[in-house]
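Remarks on the overall topology
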Amino acid sequence: MATRAQPGPFRPAGSAGAEALATGGAASAGGPGRPGPLQDETLGVASVPSQWRGVQGIRRETMVDTGMSWRLLKNMDVCLPAVLAKLKSCQTASIATAEASVQTRKHADAEVQTEVPAPVSARSVAQHDSPRLAAFLRRVEAMVIRELNKNWQSHAFDGFEVNWTEQQPTVTCLHTLGYPPAQGQGLHVTSVSWNSTGSVVACAYGRLDDGDWSTLKSFVCTWNLDRRGLNPQQPSAVVEVPSAVMCLAFHPTQPSHVAGGLYSGEVLVWDVSHPEDPLLWRTGLTDDTHTDPVYQVLWLPEPRHSHRFQVLSVATDGKVLLWQGGGVGQLQLTEGFALVVQQLPKNTKLKKPPRGETEVGATAVAFSGFDPSLFVLGTEGGFPLKCSLAAEEAALTRMPSSVPLRAPARFTFSPHGGPIYSVSCSPFHRNLFLSAGTDGHIHLYSMLQAQPLASLQLSHKYLFAVRWSPVRPLVFAAASGEGDVQLFDLQKSSQKPTVSIKQTQDDSPVYCLEFNRQQTQLLAAGDAKGTVKVWQLSTEFTEQGPRETEDLEQLAAEVAA
């Protein structure tokens with residue numbers, strides 16, 4: 001008889017009921033192999049150990065880091081490939097490694113063994129006939145001594161110096177310098193000066209024609225000619241000045257210090273190595289300051305301290321003043337002189353000054369290289385004056401001054417036909433000096449007589465500057481109002497220039513010039529176009545002849561007698 005199985009509760013797959021079904025259930029009482037009736041039973045929990053965990057050796061901490069709980073891992077419904085994919089995505093990249101080796105420095109030792117010097121055998125001396133040689137020397141001894149004495153007393157090579165520089169056959173223009181902002185204002189180059197090294201040239205911009213230029217903005221410019229990549233239109237240093245600059249002078253030993261005189265009467269000293277703040281000292285507008293334009297400044301050594309220098313200034317107010325730099329940016333007046341008509345020497349007939357005018361305007365100054373107290377002044381009246389710093393007579397003037405003013409004039413020379421613009425003392429003769437004026441003439445004077453030794457007419461217009469050569473006793477240069485720089489060699493001609501150089505093509509005046517005392521082949525000249533030209537002189541103007549000094553002495557002695 002068939003029996004029906006009673007339905008029991010549904011068990012999920014993998015439960016105890018499923019296992020019972022798989023084994024056919026428990027054995028019944030009817031005997032082995034015989035199926036018994038289906039009954040519900042409660043069986044124990046069966047666990048299946050994870051073979052994958054054992055193989056892979058995954059630790060519990062790793063599974064926590066991957067974000068999967070340990071409980072999920074025990075659940076057999078979790079898909080094993082998904083776990084593997086999760087673990088694979090969290091695998092860190094392999095670490096790159098590199099190997100390097102360091103080789104120690106290789107050392108080597110060496111020994112130097114000196115060799116035993118080989119004995120030098122004495123060379124055999126040629127056999128001479130000693131008695132005959134001695135007889136010859138005794139015979140010529142007197143003659144040789146006589147010739148040696150004659151050569152020792154000879155002056156044939158006096159002043160001769162060997163010059164290894166390349167010969168320069170002509171005068172050529174090396175540089176044409178200018179400052180466009182100054183040229184755009186129509187300013188003139190009123191003065192030029194070389195510094196103590198001879199490598200830097202400075203120029204002053206101002207005006208020399210009629211007008212009131214006391215408030216005209218002007219400039220002081222410098223160019224270093226030894227600098228690589230020199231730009232002739234871009235100065236190395238530019239100093240702006242509130243008044244027209246009339247004159248310049250570099251310090252004798254300080255390459256960057258330069259003194260200047262202004263149209264307003266002030267005297268200033270700049271340090272061009274500090275263009276952002278170049279002003280060192282100034283006179284200021286005091287009772288000691290000049291009341292007229294300053295036409296020339298010079299540096300003079302102090303009498304008791306030759307390494308210290310003072311600034312000397314001359315102006316058309318008739319005063320010659322000596323200034324000393326102070327520690328507060330102020331130039332202090334140390335000595336002063338005044339030119340008064342009543343105190344001028346009476347050896348030369350002078351034009352009567354206008355009524356009420358007693359001062360004599362000074363326009364130029366030059367000091368003797370043989371007597372530090374002796375100097376020559378050029379004046380507005382056209383006559384040169386020999387003066388002395390050692391003068392003690394008080395000046396008869398009412399001009400205010402913080403120091404007593406003295407009368408320096410000692411001798412008056414025959415005048416030009418107009419004001420003197422330039423004077424220059426010879427560096428090779430204590431008594432000779434040159435003067436140039438508005439009459440177009442250059443006068444050669446001796447300190448010993450009033451009349452000029454020679455008078456040369458170089459121009460039908462003004463002559464603005466004259467300078468002796470620092471290396472040739474009979475050579476000088478002059479700047480003309482017709483645009484020329486004229487070079488004279490008195491050994492060749494005493495009436496006409498040896499070379500005439502055209503500085504300006506439109507005949508604009510040349511106002512100033514200076515020889516370079518360090519690089520003696522260079523000459524700088526400034527003109528009314530605002531241009532400075534640096535000329536390289538030919539060899540004939542830089543090499544002294546064997547008897548040139550004697551010829552200069554003879555010229556001075558013959559005419560003076």
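Parameters and conventions
- In this numbering scheme, every chain counts its residues from 1 along its sequence in written order.
- In keeping with the predicted nature of the model, local features appear solely for residues at pLDDT of at least 70, side-chain atom pairs appear and are counted solely at 80 or more, and the whole-chain, interface and lining totals rest on all residues.
- The basis for every side-chain value is the complete set of heavy atoms in the structure, and neither hydrogens nor water enter the calculation.
- UniProt positions are given in the numbering used here, feature names are shortened, and annotations may be inferred rather than shown by experiment.
- To qualify as a helix, a DSSP run of H or I must reach at least 4 residues; to qualify as a strand, a run of E must reach at least 2; elements of each kind are numbered from the N terminus.
- Exposure classes here rest on a 1.4 Å probe applied to the protein chains alone. A residue is buried below 20% of its type maximum, exposed above 50%, and partly exposed in between.
- Whether two residues touch is decided by their heavy atoms; if any such pair falls within 4.5 Å, the residues are in contact.
- Calculation of accessible area relied on Shrake-Rupley with a 1.4 Å probe; when residues are assessed, cover is drawn exclusively from the protein chains displayed.
- Salt bridges are defined by distance alone: a side-chain nitrogen of Lys or Arg within 4 Å of a carboxyl oxygen of Asp or Glu.
- We define a polar contact as two N or O atoms separated by no more than 3.5 Å, with the added condition that, inside protein, one atom must be a possible hydrogen donor and the other a possible acceptor, whereas residues neighbouring each other in sequence contribute only through side-chain atom pairs.
- For two strands to count as paired, DSSP must find a minimum of two bridges between them.
- The axes used here are C-alpha line fits, helices contributing only the stretch in contact, and every angle between their N-to-C directions lies in the interval 0 to 180 degrees.
- Only residues above 30% relative accessible area that lack a salt bridge enter a patch, with like-charged residues linked at up to 9 Å and the nonpolar side chains Val, Leu, Ile, Met, Phe, Trp and Tyr linked at up to 5 Å.
- Within 6.5 Å between ring centres, the rings of Phe, Tyr and Trp (the latter by its six-membered ring) count as paired, and their orientation is classed by plane angle as stacked under 30 degrees, edge-to-face over 60, tilted in between.
- Definition used: whenever NZ (Lys) or CZ (Arg) falls within 6 Å of the ring centre and also within 35 degrees of the ring normal, the charge is taken to sit over that ring.

As named in an unreviewed UniProt entry, the chain is Cytoplasmic dynein 2 intermediate chain 2, taken from Panthera pardus. Recorded under Sequence similarities (unreviewed entry), the UniProt text for the chain is reproduced unchanged: "Belongs to the dynein light intermediate chain family."

**Observations regarding the overall build of the chain**
Helix and strand counts for the chain come out as 8 helices and 29 strands. Within the chain, buried positions represent 43% of all 561 residues. Put simply, 52% of the contacts in the chain that link residues at least 6 apart link residues at least 24 apart. As displayed, the chain offers around 33000 Å² of accessible surface, 53% of which is attributable to carbon and sulfur atoms.

**Brief notes about the pattern of salt bridges**
Evaluation of the coordinates by the stated rule reveals 13 salt bridges. For Arg282, the salt bridge is made with Glu266, and the minimal N-O distance between the two is 3.0 Å. On the criterion of sequence distance, the pair formed by Arg282 in strand S9 (residues 279-282) and Glu266 in the loop between strand S7 (257-262) and strand S8 (267-271) is long-range, its members being 16 residues apart. Between Asp506 and Lys529 there is a salt bridge, with the nearest N and O atoms lying 3.2 Å from each other. With Asp506 in the loop between strand S26 (499-502) and strand S27 (510-515) and Lys529 in the loop between strand S28 (522-527) and strand S29 (531-536), the pair connects residues that are 23 residues apart, well separated along the chain. Exposure remark for Lys529: the relative accessible area of 44% places this residue in the partly exposed category. Salt bridges linked by common partners bring Arg472, Asp489 and Glu548 together as one network.

**Overview of the side chain of Gln503**
Here Gln503 shows up in the loop between S26 and S27. You can call Gln503 buried: its relative accessible area is 1%. Separated by 3.0 Å, the side chains of Gln503 and Trp535 make a polar contact. In this view, Gln503 contacts Gly483, Val485, Val510, Ala525, Gly526, Asp527, Thr531, Lys533 and Trp535; residues no more than four positions away in its chain are not counted.

**What about the environment of Ala454?**
If you trace the backbone, Ala454 turns up in strand S22 (residues 454-457). You can call Ala454 partly exposed: its relative accessible area is 27%. Sequence separation between Ala454 and Leu444 is 10 residues, and the spatial gap between their C-alpha atoms is 5.1 Å. Residues contacting Ala454, with those up to four places away along its chain left out, are Ile442, His443 and Leu444.

**A short note on the sheet that holds strand S6 (residues 245-250)**
Taken together, the 4 strands give an open sheet; going across it, the order is S6-S7-S8-S9, and neighbouring strands pair in antiparallel fashion. With one partner strand each, in any of the chains shown, S6 and S9 form the two edges of the open sheet. Within this sheet the neighbouring strands show an average axis-to-axis angle of 20°, counted without direction. Relative to S7, S6 runs antiparallel, the two being bridged by 5 bridges. Considered in S7, the bridge of Phe250 is made with Val258.

**Notes on the pairing of strand S5 (residues 237-241)**
What you see with S5 is a clean split: Ala237, Val239 and Val241 sit on the buried side and Val238 and Glu240 on the side with no burial. Here strand S4 (residues 218-224) pairs with S5 via 5 bridges, running antiparallel. Bridge pairing in S5 links Thr222 to Ala237.

**A look at a nonpolar patch on the surface**
Taken together, the side chains of Leu133, Phe136 and Leu137 make up a nonpolar region of the molecular surface, amounting to roughly 280 Å² of accessible area. Inspection of the secondary structure assignment puts Leu133 in helix H6 (residues 130-153).

**Describing the environment of Pro252**
Checked against the element boundaries, Pro252 lands in the loop between S6 and S7. Given a relative accessible area of 38%, Pro252 falls into the partly exposed group. The sequence separation of Pro252 and Pro301 amounts to 49 residues, and the corresponding C-alpha distance is 9.2 Å. Leave out the neighbours within four places in its chain, and Pro252 touches Ser196, Trp299 and Phe309.

**Examining the packing of aromatic side chains**
In the structure shown here, the tally under the stated rule is 12 aromatic pairs. Relative to Tyr445, the ring of Phe433 lies with its centre 5.0 Å away and its plane at 15°, an arrangement referred to as stacked. Separated by 12 residues along the polypeptide, Phe433 in strand S20 (residues 432-437) and Tyr445 in strand S21 (residues 441-446) bring together distant segments of the chain. Overall, the relative accessible area of 0% leaves Phe433 in the buried class. Accessibility expressed as a relative area gives 0% for Tyr445, which makes it buried. Where Phe464 meets Tyr511, the ring centres are 4.8 Å apart and the plane angle is 85°; that geometry is what we call edge-to-face. Of this pair, Phe464 sits in strand S23 (residues 463-468) while Tyr511 sits in strand S27; the two residues are 47 residues apart in sequence, bridging distant segments of the chain. The residues Phe464 and Tyr511 share a single accessibility class, namely buried. Joined through ring pairs, the aromatic side chains of Phe411, Phe413, Phe433 and Tyr445 make up one cluster. Residue placement shows Lys386 over the ring face of Phe411; its charged tip is 5.5 Å from the ring centre.

**Points about the sheet that holds S4**
Strand order in the open sheet made by the 4 strands is S2-S3-S4-S5, with antiparallel pairing throughout. Only two strands of the sheet have a single neighbouring strand rather than two, namely strand S2 (188-194) and S5. On average, each strand axis in the sheet is inclined to that of its neighbour by 20°, with strand direction left out of account.

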